[in-house]
Amino acid sequence: MKNKTIFLSIILIFFISSCDSLPFFGGEENATALPQTVSQWAISATASDSAGGIHGGNIDDQSPFAATGMPDVEVCDDDQKAWVINSEDDGYHYLELEYYDPVYVTKIRVKETWNPGAIAKIELLNGSEFVSVWEGSYNTRECPYWFERSFRGNIGNISLDMMNFKTNTVKITVDTDVPGWNEIDAVELIGYETKWYKYNGTMYFE
């Protein structure tokens, strides 16, 4: 019995001494878990122009509000549940969307459901001013089409996997001279609630 007790004690000591190397006991080999991204859909919206009025309040009137919430247009077609301007081929117009939680943005996804390829610029509200984070052009034959862009910021010479400021407001500029009626069903905002970065092998959180 005494020998069995000694044997069990040795096993217990060995186990405890090993714990520091196990991830769930926080030893040196443990990699700190990264924060999870938060995905959101817009809760309110306004626009420079709209077939349903710039302050429409229904998701099926082609107003800016039609671009709030989760995607609800499944096919490539003119649909009352997507935002579109009042006049075809009318130059640049914007759709401004607000989300519930401010985040450090890492990605934006826009579902274009009729004549995609019209997004010309994406801006994020930083304090009281909009900051341009993407501007350009692209071609696609896919419809509906998910336009996706990822964003990175920096702190000095340290690169981040996200923008370095929090926001809950996105402005999308559309070039409506792209042939046809250009419709947007929904805009997904993805980001982190906490700013984090790795420097010299160490994780930092702000």
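Everything discussed here concerns the structure shown above.
Keep in mind that what you see is a predicted model, and the values were worked out from it rather than measured.

Examining the packing of aromatic side chains
All told, the structure shown has 6 aromatic pairs when counted by the stated rule. Ring geometry for Tyr-138 and Tyr-145: centres 6.1 Å apart, planes at 25°, overall stacked. With respect to burial, Tyr-138 and Tyr-145 carry one shared label: buried. Three or more aromatic residues link up through ring pairs in this structure, and these residues are Trp-134, Tyr-138, Tyr-145 and Phe-147. The ring centre of Trp-146 lies 4.0 Å from the NZ or CZ of Arg-109, which sits over that ring. Sitting over the face of the ring of Tyr-94, Lys-171 holds its NZ or CZ atom 4.7 Å from the ring centroid.

Overview of the nonpolar core
With 30 residues, the main nonpolar core has Leu-97, Ile-108 and Ile-172 as its most contacted residues. Of all the secondary-structure elements, those providing two or more residues to this core are β2 (44-47), β3 (92-114), β4 (119-126), β6 (145-150), β9 (166-175) and β10 (183-192). Sort the elements by how many residues they give to this core and β3 lands first, with 7 residues. In this structure, Leu-97 is in contact with Ala-42, Ser-44, Ala-45, Ala-67, Asn-168, Thr-169, Val-170, Ile-172 and Val-187, ignoring residues within four places of it in sequence. Core analysis: the next-biggest nonpolar cluster, separate from the first, contains 8 residues, Ile-158, Leu-160, Tyr-197 and Met-203 among them.

Looking at the environment of Asn-168
Structurally, the position occupied by Asn-168 is in strand β9. Along the primary structure Asn-168 and Val-103 are separated by 65 residues, whereas in three dimensions their C-alpha atoms are 6.5 Å apart. Every residue in contact with Asn-168, bar those within four places of it in the chain, is listed here: Leu-97, Glu-98, Tyr-99, Tyr-100, Asp-101 and Pro-102. There is a polar contact of 3.2 Å between the side chain of Asn-168 and the side chain of Thr-169.

What counts, and where the lines are drawn
Residues numbered from 1 in each chain as written. Predicted model: local features only at pLDDT ≥ 70, side-chain atom pairs only at ≥ 80, totals over all residues. Heavy atoms only, no water. Phe/Tyr/Trp six-rings, centres within 6.5 Å; stacked < 30°, edge-to-face > 60°. Buried < 20%, exposed > 50% of the residue type's maximum accessible area, 1.4 Å probe, protein only. Lys NZ or Arg CZ within 6 Å of the ring centre and 35° of its normal. Core = buried A, V, L, I, M, F, W, Y, C linked by side-chain atoms within 4.5 Å. Helix = DSSP H or I, 4+ residues; strand = E, 2+ residues; numbered from the N terminus. Contact = heavy atoms within 4.5 Å. Polar contact = N/O pair within 3.5 Å; in protein donor to acceptor, adjacent residues only side chain to side chain.

Read these as spatial facts, not as claims about activity.
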